[in-house]
Amino acid sequence: MSGGKKLRIAIQKSGRLSEKSLETISSCGIDFSTDSRTLKCAAQNFPLEFLFVRDDDIPTYVYDGVADIGIVGRNELDESGYSLEVVRDLGFASCRLSIAVPEGFDYQGLSSLEGKRIATSYPRILSSILEERGVQASLVTVSGSVEITPAVGIADCICDLVSTGATLRMNGLKEVEAIYWTSAVMVARSDFSQDEERSAILSRLLMRMDTVNNARKKKYVLFNLPADRIEDAARIVGGMKSPTVTPLLDSAWVSVQSVVGEDRFWSVFEDLKAIGAEGILVMPIEKMSD
Ligand code: PRT
Ligand code: ZN
């Protein structure tokens, strides 16, 4: 255990990131109570302290050292302009930043935005993309309800986060181009590694996260196979080492166990069926080290 220092993590108090952020931590076997989600709370069995804040403030808190690490949308990080280290891309809360226009707007690409008023909550990200593409437009920065701005006459079109597109449709807007993609990331201060004790805690946390994550991407597969097809099966499942083969009472058959990547699972399953595998059992893996 560390000599008393704790790693402080900033997490969104309530919103689209909160639940998955806490799940990321609890899936690492870290216990904490969130009954009364006060500003701060400490984990019971790991040197970790939580700070519950608005997501917009997370990059600032990490940059200023109020927190050591944080979980935040890449969009908020990029919009903040702080240069922080992205230690892991967590993959959840993914969405895109898109240009959306009212019916009747003749959109032919970003150049159609020349001279237009675009409402957005992400002026920094949008202006850097427009600049890259050589488009000059005037940005109207609003902090919420971006989708109503064309109807109330303060913008010609918008640039906002979209996941299902329902909000745009409900407001009579059409998504015409996605310009940026985001998901939740874990960030740390770039000079954080100088704090050896807290860096060591972060390494332990990341090791646990990677172990859980590895396991999620794999399945444990168990099946019976005619003994003379074992080499074919080894070729099909591949895997960490050769599969484990156990003899069965009927010597013409063996039982085979292996770990298969989820992305390859269906093709492996079909190939195994084709060589005569029977009773294929597929099980989730809870934890897995490299
Ligand atoms: O109170 P606090 O400031 O902490 O929260 P917030 O309201 O600013 O953020 P929150 O909880 O809404 O979102 C947190 C993060 O989730 C964002 O920064 C994104 O990284 C990510 N995320 C993922 C989204 C969406 N999906 C999303 N769909 N953030 C916002 N939206 C909004 C979008 O702005 C639009 O209003 O949802 C609407 C569109 O959704 P669809 O499904 O109708 O397309
Ligand atoms: Zn916010």
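Look a little higher up for the structure.
Reading the values: the criteria
- Residues numbered from 1 in each chain as written.
- Chains lettered and ligands numbered in written order.
- Predicted model: local features only at pLDDT ≥ 70, side-chain atom pairs only at ≥ 80, totals over all residues.
- Heavy atoms only, no water.
- Donors = N, O, S within 2.8 Å, 3.2 Å for Na, K, Ca; no water.
- Tetrahedral: all angles 85-135°; square planar, octahedral: opposite > 155°, others 65-115°.
- Buried < 20%, exposed > 50% of the residue type's maximum accessible area, 1.4 Å probe, protein only.
- Helix = DSSP H or I, 4+ residues; strand = E, 2+ residues; numbered from the N terminus.
- Contact = heavy atoms within 4.5 Å.
- Patch = residues over 30% accessible without salt bridge, like charges linked within 9 Å, V, L, I, M, F, W, Y side chains within 5 Å.
- Areas by Shrake-Rupley, 256 points an atom, 1.4 Å probe, with all protein chains shown as cover.
- Salt bridge = Lys/Arg side-chain N within 4 Å of Asp/Glu carboxyl O.
- Pairing = 2+ DSSP bridges.
- Axes fitted to C-alpha atoms, helices over the stretch in contact; angles between N-to-C directions.
- Arc of directions from axis to C-beta.

Novice: Would you mind going over the coordination of the zinc ion (ligand 2) with me for this structure?
Specialist: Note on metal sites: the ideal angle is 109.5 degrees for four tetrahedral donors, and 90 or 180 degrees for six octahedral donors. Distances from the zinc ion (ligand 2) to its protein donors, Asp55 (OD) and Asp56 (OD), fall at 2.0 to 2.1 Å. Each of the 4 donor atoms around the zinc ion (ligand 2) contributes to a set of angles spanning 76 to 173 degrees, which defines the coordination as irregular. Here Asp55 falls in the buried class, since its relative accessible area comes to 16%.

Novice: Just checking my understanding: could you explain the environment of Ala10 for this structure?
Specialist: With respect to the secondary-structure elements, Ala10 resides in strand S1 (residues 7–12). Sequence spacing of Ala10 and Glu49 is 39 residues, and the spatial spacing of their C-alpha atoms is 8.6 Å. Ignoring anything within four residues of it in the chain, the contact list for Ala10 reads Leu51, Val53, Ile58, Ala67, Ile69, Gly70 and Ile71.

Novice: I keep staring at a nonpolar patch on the surface and nothing clicks. Help me out?
Specialist: A surface patch of nonpolar side chains, about 250 Å² in accessible area, is lined by Ile148, Val152 and Ile154. Here Ile148 shows up in the loop between strand S8 (138–141) and strand S9 (157–162). You can call Ile148 partly exposed: its relative accessible area is 39%.

Novice: How should I be thinking about the side chain of Asp160 in this particular structure?
Specialist: Checked against the element boundaries, Asp160 lands in strand S9. For Asp160, the contacting residues outside a window of four places in its chain are Arg96, Leu97, Ser98, Val146 and Glu147.

Novice: So what exactly am I meant to see when it comes to the sheet that holds strand S13 (residues 244–247) here?
Specialist: Picture the strands of a sheet paired through backbone hydrogen bonds; they go either parallel or antiparallel. Here we have 4 strands laid out as an open sheet, ordered S13-S14-S12-S15, and antiparallel in their pairing. Of all the strands in the sheet, the pair left with one neighbour each is S13 and strand S15 (278–284). Geometrically, the sheet is characterised by an average inter-axis angle of 20 degrees between neighbouring strands, direction not taken into account. Relative to strand S14 (residues 253–261), strand S12 (residues 218–226) runs antiparallel, the two sharing 9 bridges. Opposite Leu222, over in S14, you have Gln257 as the bridge partner.

Novice: When you look at helix H7 (residues 230–237) in this model, what are you seeing that I'm missing?
Specialist: Because each turn of an α-helix spans 3.6 residues, side chains separated by three or four positions end up pointing in the same direction. Buried within H7 we find Asp232, Ala233, Ile236 and Val237. Mapping the buried residues of H7 onto a view down its axis gives an arc of 120 degrees, with all of them on the same face. In H7, the exposed residues that point more than 90 degrees away from the buried face are Glu231 and Arg235. Buried residues belonging to H7 abut S12, S14 and helix H8 (265–274).

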